[in-house]
Amino acid sequence: MRQASSTQAIPATGQTPRHVAIIMDGNGRWATRRKLPRTAGHVRGVQAVRRTVEACGQRGVEYLTLFAFSSENWRRPAQEVSLLMRLFVRTLEKEVDKLIAQGVRLRIVGNLGAFDARLRQLIAEAEQRTAKEITLTLTIAANYGGRWDILQAIQALLRAQPELAQHPEALDEAALSPWLAMHYAPEPDLFIRTGGEQRISNFLIWQLAYTELYFTDCYWPDFNADELDRAFAWYRDRERRFGRTSEQLHTPR
Ligand code: FPP
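Computed from a predicted structure; not experimentally measured.

**A few points about the site of the ligand**
Taken together, 18 residues sit near the ligand, with Asp25, Gly28, Arg29, Arg38 and Arg76 positioned nearest. One of the side-chain N or O atoms of Asp25 is found 2.9 Å from an oxygen atom in the ligand. Measuring from an oxygen atom of the ligand, one finds a backbone N or O atom of Gly26 at 3.3 Å. In the complex, 91% of the free accessible area of the ligand, which totals 620 Å², lies under the protein chains. Listing elements by their share of the shell around the ligand, those giving two or more residues are α1 (27-33), α2 (38-58) and α3 (78-101). A class-by-class count of the residues in the shell around the ligand yields seven nonpolar, seven polar and four charged.

**What to know about the confidence of the model for the protein**
With 90% of its residues at a pLDDT of 70 or more, the protein shows a mean pLDDT of 90. Scored below 50 in pLDDT, residues 1-5 makes four contacts in the model with residues more than four places away or belonging to other chains.

**A closer look at the pattern of salt bridges**
Counted under the stated rule, the structure contains 13 salt bridges. Glu212 is the salt-bridge partner of Arg238, the closest N and O atoms lying 3.0 Å from each other. With Arg238 in the loop between α7 (225-236) and α8 (246-250) and Glu212 in strand β6 (residues 212-215), this residue pair connects regions lying 26 residues apart in the sequence. For Arg238, a relative accessible area of 37% puts it in the partly exposed group. A relative accessible area of 10% means that Glu212 is categorised as buried. Across the salt bridge formed by Glu227 and Arg230, the nearest N and O atoms sit 3.2 Å from each other. Residue Glu227 and its partner Arg230 are both found in helix α7; the two are separated by three residues, about one turn of the helix. Glu227 gets classed as buried once you look at its relative accessible area, which sits at 15%. Each of Asp25, Arg29 and Arg193 takes part in one network of salt bridges that share partners.

Analysis parameters
- Residue positions within a chain follow its written sequence, with the count starting from 1.
- For a predicted model such as this one, the threshold for reporting local features is a pLDDT of at least 70, and the threshold for listing and counting side-chain atom pairs is 80 or more; totals across whole chains, interfaces and linings nevertheless cover every residue.
- The basis for the side-chain values is all heavy atoms of the structure; hydrogens and waters are excluded.
- Put simply, a residue is near a molecule or strand once any heavy atom of it comes within 4 Å of that molecule or strand.
- Polar contacts, as counted here, are pairs of nitrogen or oxygen atoms within 3.5 Å of one another; within protein the pair requires one atom able to donate a hydrogen and one able to accept it, and residues that are adjacent in sequence qualify only if both atoms are side-chain atoms.
- Using a 1.4 Å probe, accessible areas were evaluated by the Shrake-Rupley method; residue-level cover was limited to the displayed protein chains.
- A helix here means a DSSP run of H or I that spans at least four residues, while a strand means a run of E at least two residues long, and both kinds are numbered starting from the N terminus.
- Three classes are used: nonpolar for Ala, Val, Leu, Ile, Met, Phe, Trp, Tyr, Cys and Pro, charged for Asp, Glu, Lys and Arg, and polar for all others, with Gly counted as polar.
- Within a predicted model, pLDDT stands for the predictor's per-residue confidence, ranging from 0 to 100.
- The contact criterion used throughout is that any non-hydrogen atoms of two residues lie within 4.5 Å.
- Any Lys or Arg side-chain nitrogen found within 4 Å of a carboxyl oxygen on Asp or Glu counts as a salt bridge.
- Three exposure classes are used, based on accessible area relative to the maximum for each residue type with a 1.4 Å probe and protein chains only: buried under 20%, partly exposed in between, and exposed over 50%.

So this is what it looks like as structure tokens:
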């Protein structure tokens, strides 16, 4: 039986990835190594975000998605959570003009209802102000979890089409995809996790099904254009088969 899959097309290989998704890990360890408070690592992490956005724009990446705060991060010490929130607010206030100058559209995905009203307001304004930019779409995943995303998509779909509950066999990938938080973006071509761990940690679990996964020991505050180029060089050497055989890929159609 032919199974319908949302990943039908074979993207061209040997090129710059169109969509790069990153788990920015290692801020705390970067700081602890220097006998600094963990929060100093997050502050330096913002600089790495800036560098990465710029480098991706220069290399022709169309979508960059960064995991800034997971649903599980609320379990961290209250002081660290509050610093992270203040960093988001400060960064949104300060960086939007720079994003516009670089042609960057900003989108925030996640369960934003948990954030305070001021942060939600800043998010809405930043998204609106950058809405016409087209060079690079920068998505920040905040209070995001892949399982949350799949569940909220099913709930939204059933709310919109309650009759589907009577015909569950009609629910397929194509029906669900438009309700996922990142419905506007193609699936990531390249996933990068810094900080040495080799896990997906409930990031874009639906969308990463066929993504090339790259792990580096580099701590996020040290991430820069050279590290990005190393990841891109590794990506270019990958053969993306999407379930097909190597021979199929190399036989002209
Ligand atoms: C993981 O490092 C990083 C985070 C939980 C937060 C990421 C936030 C930033 C880079 C700064 C803010 C970003 C934006 C977009 C304004 P960790 O603390 O888990 O490090 P560890 O594993 O070494 O403890």
